[in-house]
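Coordinates in review
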Amino acid sequence: MPTESGSCSTARQAKQKRKSHSLSIRRTNSSEQERTGLPRDMLEGQDSKLPSSVRSTLLELFGQIEREFENLYIENLELRREIETLNDRLAAEGQAIDGAELSKGQLKTKASHSTSQLSQKLKTTYKASTSKIVSSFKTTTSRAVCQLVKEYIGHRDGIWDVSVARTQPVVLGTASADHTALLWSIETGRSLAKYTGHVGSVNSIKFHPSEQLALTASGDQTAHVWRYAVQLPTPQPAADTSQQLCGEDEVECSDKDEPDADADASSDCPTIRAPLTSLKSHQGVVIAADWLVGGKQAVTASWDRTANLYDVETSELVHSLTGHDQELTHCCTHPTQRLVVTSSRDTTFRLWDFRDPSIHSVNVFQGHTDTVTSAVFTVGDNVVSGSDDRTVKVWDLKNMRSPIATIRTDSAINRINVCVGQKIIALPHDNRQVRLFDMSGVRLARLPRSSRQGHRRMVCGSAWSEDHPVCNLFTCGFDRQAIGWNINIPALLQEK
């Protein structure tokens, strides 16, 4: 049997590589080829080592992807043409739209009421229709400096929630699946007290607005109110850590560097074993709890599909909030008004209004396609919701029909938290990342994560501390640690 020489074999391999490269270029530019009349059969006739059935499937899938992007591109062009047409009409009456936002210049003439309605409708329609394209490609425009300051290690299982005390002394609280809650010195990272009154996973922790009281929710179907008294240790000189710019190219790391559970930093701290008050009436896991403004009442959210409002002093059930179709995932109270928001696996979150004692109204927000993992109040009349559908939405309580901003991410989102003063949203993700966005949906930063710093498993929660001079953001995760960060966002970005 004849054999090929070495030079012929090399030439044949080079030719095959050129054919393969040519095929990839043709496939990338398939839309151009179709418009110039290049038949599909010529592409399918190229040499390939893939089985014909696999190759046919790939060609069909790439074609579907191409058609989808083409449809989105055409839709975007049509919307922009419509904006230009309507913009000309509105400009004659003193109002114009530039992209998705109203002009910031002074209006030369007063627009009529109908014109204002039209411009608002156009603004909302444009944002909603183009968010599929625009939101995913917003780039990080800040030079934010995110520096890891302190790690809080002592739990023996994952940490579900983190919170910062609102009264002096300012301490950090963590709630863990190891059935305990710990209080920490923010400056030294030492545990100051351990609460062991629950017999199930501790799922959330919140501090009283004016007293040294903590409220914890647990898998044992109860919520506990307990008092703490701690003395802060003298801070030690902090280790010199270099600042790190937040970017999108940090090194990935494995789980092998998790904190050692045997190094139990909480073993020698005082233990609180019994609550002042136990709130009981749920028939399932209590997943979250929070204080109402004033601190005399508390609300709990449970997997039994209800939220309960309690009088803390008497432990009496005041109201049982029903209406969700599936398990609740979170609850949050307004800092200054008697408002409660509950989120659920039924893809909705509900706003409960207790400002009028005789009327307890409820509003249902429908905008997500998967479990709403949390919904929190911000400054003014806004609510921010996060979901397993990988989106975060900002809502105006005065207009519940559609969100005023949508953030699209690459991973499910857990318990979000908003820095009220700077209007920054912290998004903890299933994929171990923590990203920061502003209220309009612009990405500001991603917290650094490498083999030596950052979370090594799912990040479960976050909490801002606007008054602390060093650590102003805390995160916790299923790697059994909480982390304190110093976030420095240029002031220019906050002038919005």
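These remarks concern the structure in this document. In this text the structure is predicted, and so the values were computed from the model without any measurement.

1. Quick notes on the nonpolar core
In terms of nonpolar packing, the biggest core is built from 25 residues, with F349, F377, V384, I425 and L427 touching the most fellow members. For this core, the elements supplying multiple residues, two or more each, are β18 (339–344), β19 (348–356), β21 (372–377), β22 (382–387), β23 (391–396), β24 (405–408) and β26 (424–428). For this core, the element with the highest residue contribution is β21, accounting for 4 residues. With residues up to four places along the chain from it excluded, the contact list for V384 reads S374, A375, V376, T378, V392, K393, V394, I416, V418, I425 and M439. Membership of the second largest hydrophobic core comes to 18 residues, among which are L444, V459, L473 and I489.

2. Structural notes on the pairing of strand β27 (residues 434–438)
The buried count for β27 comes to 5 of 5 residues, which makes it a mostly enclosed element. Residues of β27 alternate between two faces, with V434, L436 and D438 on one and R435 and F437 on the opposite face, all of them buried. From the end of β26 to the start of β27, which pair antiparallel, there are 5 residues, and R432 there has a positive phi angle of about 80°. Sheet topology note: the β27/strand β28 (residues 443–446) ladder contains 3 bridges and is antiparallel. Directly across from R435, in β28, lies its bridge partner R446. Between β27 and β28, which pair antiparallel in sequence order, lie 4 residues; one of them, G441, sits at a positive phi of approximately 95°.

3. Considerations on the environment of V420
For V420, the position within the fold is in the loop between β25 (417–419) and β26. Taking the C-alpha atoms as reference points, V420 and E466, separated by 46 residues in sequence, lie 8.3 Å from one another. Among residues more than four places away in sequence, those in contact with V420 are V379 and E466.

4. Quick word on the packing of aromatic side chains
One pass over the full model with this rule turns up 9 aromatic pairs. Relative to W226, the ring of Y195 lies with its centre 4.6 Å away and its plane at 0°, an arrangement referred to as stacked. Taken together, the positions of Y195 in strand β7 (residues 191–195) and W226 in strand β10 (residues 222–227) put the pair 31 residues apart, joining distant regions of the chain. For Y195, a relative accessible area of 0% gives the class buried. When the centroid spacing of 5.5 Å and the interplanar angle of 80° are considered together, the rings of F365 and W395 count as edge-to-face. Residue F365 is found in strand β20 (residues 359–366), and its partner W395 is found in strand β23; the two are separated by 30 residues along the sequence. Taken together, the aromatic side chains of Y195, F207, W226 and Y228 make up a single cluster linked through ring pairs.

5. Quick look at the sheet that holds β21
Judged by pairing direction, the sheet is antiparallel, and its 4 strands sit side by side in the order β21-β22-β23-β24 without closing on themselves. Among the strands making up the open sheet, the edge pair consists of β21 and β24. Strand-to-strand twist in this sheet, taken as the mean axis angle between neighbours without regard to direction, amounts to 15°. In this structure, β22 lies alongside β23, joined through 5 bridges in antiparallel fashion. Directly across from N382, in β23, lies its bridge partner D396.

6. So, the environment of H455
Within the secondary structure, H455 sits in the loop between β28 and β29 (459–464). Take H455: its relative accessible area is 2%, and that puts it in the buried class. Separated by 23 residues in the primary sequence, H455 and R432 place their C-alpha atoms 6.0 Å from one another. Those residues in contact with H455 that sit more than four places away from it in its chain are R432, R449, T475, C476, G477, D479, Q481 and I483. Engagement of the side chain of H455 in a polar contact is seen with the side chain of T475, the distance being 2.7 Å. Within the local environment of H455, its side chain forms a polar contact with the side chain of D479, the two groups lying 3.2 Å apart.

7. Quick look at the side chain of H282
With respect to the helices, strands and loops of the structure, H282 is situated in the loop between β12 (277–280) and β13 (286–291). Overall, the relative accessible area of 4% leaves H282 in the buried class. A polar atom in the side chain of H282 sits 2.7 Å from the side chain of T300. Within the structure, the side chain of H282 is placed 3.3 Å from the side chain of N308, a separation counted as a polar contact.

Thresholds applied
Residues numbered from 1 in each chain as written. Predicted model: local features only at pLDDT ≥ 70, side-chain atom pairs only at ≥ 80, totals over all residues. Heavy atoms only, no water. Core = buried A, V, L, I, M, F, W, Y, C linked by side-chain atoms within 4.5 Å. Buried < 20%, exposed > 50% of the residue type's maximum accessible area, 1.4 Å probe, protein only. Helix = DSSP H or I, 4+ residues; strand = E, 2+ residues; numbered from the N terminus. Contact = heavy atoms within 4.5 Å. Pairing = 2+ DSSP bridges. Phe/Tyr/Trp six-rings, centres within 6.5 Å; stacked < 30°, edge-to-face > 60°. Axes fitted to C-alpha atoms, helices over the stretch in contact; angles between N-to-C directions. Polar contact = N/O pair within 3.5 Å; in protein donor to acceptor, adjacent residues only side chain to side chain.

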